[in-house]
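# Residue-level structural notes
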2 protein chains.
Amino acid sequence: MTPVTERNSSKQTLADFKVGVDNAIFSIDTQQNRLLILLVMRHDEPYLGYWCLPGTLVRNGETLETAADRILAEKIKVDNLYLEQLYTFGGPGRDPREAADRYDVRYLSVSYFALVRYEAAELIATGVGGIAWYPIDKLPDLAFDHRQIIEYGHQRLRNKLEYSPIAFDVLPELFTLSDIYQLYTTVLGEHFSDYSNFRNRLIKLKFLEDTGIKSSRGSGRPASLYRFDPVAFAPLKDKPLLFV
Amino acid sequence: MTPVTERNSSKQTLADFKVGVDNAIFSIDTQQNRLLILLVMRHDEPYLGYWCLPGTLVRNGETLETAADRILAEKIKVDNLYLEQLYTFGGPGRDPREAADRYDVRYLSVSYFALVRYEAAELIATGVGGIAWYPIDKLPDLAFDHRQIIEYGHQRLRNKLEYSPIAFDVLPELFTLSDIYQLYTTVLGEHFSDYSNFRNRLIKLKFLEDTGIKSSRGSGRPASLYRFDPVAFAPLKDKPLLFV
């Protein structure tokens, strides 16, 4: 922090900020193999009628996390939503209100990230505001720099899939190895890995339990249904892991 | 962002912020096996005489990154310093100036992270301000929540060591496998891995080139000197990797 004297004596004046929080809430529709992002429609200027991430400005006495939780509680009902800080965007000119505001106040955005189970999340529609899951590859025009925040969030999600067992939070309780592969393909893109390499690597990690049950879906040979085994995973929890 | 109407009508008033940037600059003294953090001494209230991370408040028209670069340029000379955003701390009460300020302005800090080569970094001492590399395990009392920022930065550094080739940015050009192991031990702590496992894993990654030269340091058998091979590493650049 700059010492107070510099603040007073410098000809360069300090910028004043309002601070917003914006939530990049991702989900994966494992039936249709779509990676989704939660958007709400703005019903005020600026960007009236545009879609944006659910966000709000931080109030007196409120932490950043409280503000992020407050706005999400108005938009979505889901158990065990864990918000993780994503990135802070704070350059001048990122909000058109800046130019219009005679006090020259800047708008900084601290973004948060979460991945939620698609079937378990219930959207809350209010009288005026639209709300929707949008496929990441078919985004509408977005307000502010929210497209950039979403791209940053997508990159974070790719990294998490590579290094952490986050996929098992959004898969159904029982799944085939092909289901996991499909989920990874949905997030990482085609050709991220050869299926048999991926399959071998997963099995070697030793925390997928073969239930003995066969899946009757699809037209091919019935596939084994697996379950994530938290007990087998526990000793690996704080170790570096590689999933792809 | 909250729409304008809510801003005007809500009884909850929005918080006003000054935004600071604080740089967590780490280095590794590979001779003495010490993990270091760059600290400067404050010469104004609050926390007069305390050590803190080199930081400053963001000025009008300045991006967060420009502010972070500006203050670092005053404190340290080093080539290829790449700042990466670390975390944003913005809860109420994190800066004592808040309470004293009759305008109720809050102070948010966006922290940045870098790892620099110890021998290549030249500290810049000014007339009044102290500056020093402090070993991470012998920190003095710090201003603000900077101890928390440093802990967060240390965790980021651990993760980077596990998943990226950042260690080769700070090792000398020629090193033994034992030098790398020692560097990992300095950052990750004792017993992070068995030496022979670590060694085998590194060699399997196939981007360390045995120069054929032997190290004459130490009392034991002369060890081979290796060099990081950027050409062999290039195809792996965007692949997930595991170093430990």
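Reading the values: the criteria
- Residues numbered from 1 in each chain as written.
- Chains lettered and ligands numbered in written order.
- Predicted model: local features only at pLDDT ≥ 70, side-chain atom pairs only at ≥ 80, totals over all residues.
- Heavy atoms only, no water.
- Helix = DSSP H or I, 4+ residues; strand = E, 2+ residues; numbered from the N terminus.
- Buried < 20%, exposed > 50% of the residue type's maximum accessible area, 1.4 Å probe, protein only.
- Contact = heavy atoms within 4.5 Å.
- Areas by Shrake-Rupley, 256 points an atom, 1.4 Å probe, with all protein chains shown as cover.
- Lys, Arg positive; Asp, Glu negative; His and termini not counted.
- Charge placed at Lys NZ, Arg CZ, Asp CG, Glu CD.
- UniProt positions renumbered as here; feature names shortened; annotations may be inferred.
- Phe/Tyr/Trp six-rings, centres within 6.5 Å; stacked < 30°, edge-to-face > 60°.
- Lys NZ or Arg CZ within 6 Å of the ring centre and 35° of its normal.
- Salt bridge = Lys/Arg side-chain N within 4 Å of Asp/Glu carboxyl O.
- Least-squares fit on C-alpha atoms with pLDDT ≥ 70 in both.
- Buried area = accessible area lost by both parts, 1.4 Å probe.
- Nonpolar A, V, L, I, M, F, W, Y, C, P; charged D, E, K, R; others polar.
- Axes fitted to C-alpha atoms, helices over the stretch in contact; angles between N-to-C directions.
- Parallel < 35°, antiparallel > 145°, perpendicular 65-115°, else oblique.
- Left-handed = near helix turned anticlockwise from the far one by under 90°.
- Patch = residues over 30% accessible without salt bridge, like charges linked within 9 Å, V, L, I, M, F, W, Y side chains within 5 Å.
- Domains from an automatic or database assignment.
- Polar contact = N/O pair within 3.5 Å; in protein donor to acceptor, adjacent residues only side chain to side chain.

The name given to chain A in an unreviewed UniProt entry is NUDIX hydrolase, with Chamaesiphon polymorphus CCALA 037 as the source organism.

## Some words on the overall build of chain A
A count of helices and strands for chain A gives eight helices and eleven strands. With respect to the three principal axes, the spread of C-alpha positions in chain A is 70 × 45 × 35 Å. When each of the 244 residues of chain A is scored for burial, the buried share is 53%. When contacts within chain A are restricted to residue pairs at least 6 apart in sequence, long-range pairs at least 24 apart make up 67% of them. When the accessible area of chain A is evaluated, it comes to approximately 11900 Å², of which 48% is carbon and sulfur surface. A gap of 3 Å separates the mean positions of the 29 positive and 32 negative side-chain charges of chain A.

## Some details on the UniProt feature "domain: AraR-like winged helix DNA-binding" (unreviewed entry) in chain A
Taken from the UniProt record, the annotation "domain: AraR-like winged helix DNA-binding" (unreviewed entry) applies to residues 163–244 of chain A. Annotation note: span residues 163–244 of chain A, helix share 38%, strand share 15%, distance between end C-alpha atoms 8 Å.

## As for the packing of aromatic side chains
In this structure the tally under the stated criterion is 43 aromatic pairs over all chains. Ring centres of Tyr47(B) and Tyr50(B) lie 5.2 Å apart, and the angle between their planes is 80 degrees; this geometry places the pair in the edge-to-face category. In this structure Tyr50(B) comes out as partly exposed when scored by relative accessible area, which is 34%. If you follow Arg97(A) out to its NZ or CZ, it ends over the ring of Tyr107(A), 4.5 Å from the centre.

## Side note on the pattern of salt bridges
All names here are of chain A. For the structure shown, the criterion picks out 20 salt bridges over all chains. Glu 84 is paired through a salt bridge with Lys 160; the nearest N and O atoms lie 3.1 Å apart. In this pair, Glu 84 sits in strand β6 (residues 84–89) while Lys 160 sits in helix α4 (residues 146–163), placing the two residues 76 residues apart along the sequence. Using a relative accessible area of 16% as the deciding quantity, one classes Glu 84 as buried.

## Points about the relation of the copies chain B and chain A
In summary, the two copies of the chain are related to each other by a rotation about an axis coupled with a shift along it. Once chain B has been moved 0.0 Å along the axis and rotated by 180 degrees, it coincides with chain A to within an RMSD of 0.0 Å. This pairing of chains is accounted for by a two-fold axis. Measuring from the rotation axis to each C-alpha of chain B, the shortest distance belongs to Phe17(B), at 2.4 Å.

## Things to note about the interface of chain B and chain A
Counting residues at the interface gives 55 residues for chain B and 56 residues for chain A. In this assembly, chain B packs against chain A so that about 4900 Å² is buried in total across both faces, 52% of it on carbon and sulfur atoms. Run the count over chain B and chain A and you get two salt bridges. In this structure, Asp16(A) and Lys18(B) form a salt bridge, with 2.5 Å as the shortest nitrogen-oxygen distance. Going through the elements one at a time, α1 (4–9), β1 (17–29), β4 (55–57), α2 (64–73), β6 (84–89), β7 (106–117) and α4 (146–163) of chain B are the ones with two or more residues in the side of chain B that touches chain A. When its residues are assigned to classes, the side of chain B that touches chain A shows 21 nonpolar, 17 polar and 17 charged.

## Some points on the packing of helix α6 (residues 177–188) of chain B against helix α7 (residues 195–204) of chain B
Residues and elements named next belong to chain B. In contact at an axis separation of 10 Å, α6 and α7 are set at 115 degrees when each is read in the N-to-C sense. Accordingly, the angle class assigned to the pair α6 and α7 is roughly perpendicular. α7 is crossed by α6, and the crossing has right-handed handedness. Across from Leu 177, Ser 178, Ile 180, Tyr 181 and Tyr 184 in α6, the residues of α7 making contact are Tyr 195, Phe 198, Arg 199, Leu 202 and Ile 203. Looking at the contact of α6 with α7 residue by residue, the classes come out as eight nonpolar, one polar and one charged.

## Re the environment of Gly91(A)
Residue placement: Gly91(A) occurs in the loop between β6 and α3 (97–100). A sequence separation of 15 residues divides Gly91(A) from Arg106(A), and the C-alpha atoms of the two residues are 8.4 Å apart. Residues within four places of Gly91(A) in sequence aside, it is in contact with Glu98(A), Arg106(A) and Thr63(B).

## What to know about a positive patch on the surface
Together, Arg201(A), Lys204(A), Lys206(A), Arg201(B), Lys204(B) and Lys206(B) give the surface a local cluster of positive charge. Looking at the positive patch, the elements with two or more residues in it are α7 (195–204) of chain A together with α7 of chain B. Relative to the helices and strands, Lys204(A) is located in helix α7.

## Section: the domain arrangement of chain A
All names here are of chain A. Assigned domains of chain A: these are domain 1 (17–162) and domain 2 (168–234). Distance from the C-alpha centre of domain 1 to the C-alpha centre of domain 2: 30 Å. If you look at the interface, domain 1 gives 13 residues, while domain 2 gives twelve residues. Approximately 1100 Å² of surface area, both sides summed, lies buried where domain 1 meets domain 2, with 67% of it carried by carbon and sulfur atoms. The tally of links between domain 1 and domain 2 comes to zero salt bridges. Seen at the junction of domain 1 and domain 2, the total is four residue pairs in polar contact (both at pLDDT 80 or more). Secondary-structure elements contributing two or more residues to the side of domain 1 that touches domain 2 are β2 (34–41), β7 (106–117) and α4. Top element by residues in the side of domain 1 that touches domain 2 is α4. It accounts for five residues. Class assignment of the residues belonging to the side of domain 1 that touches domain 2 gives a composition of six nonpolar, three polar and four charged.

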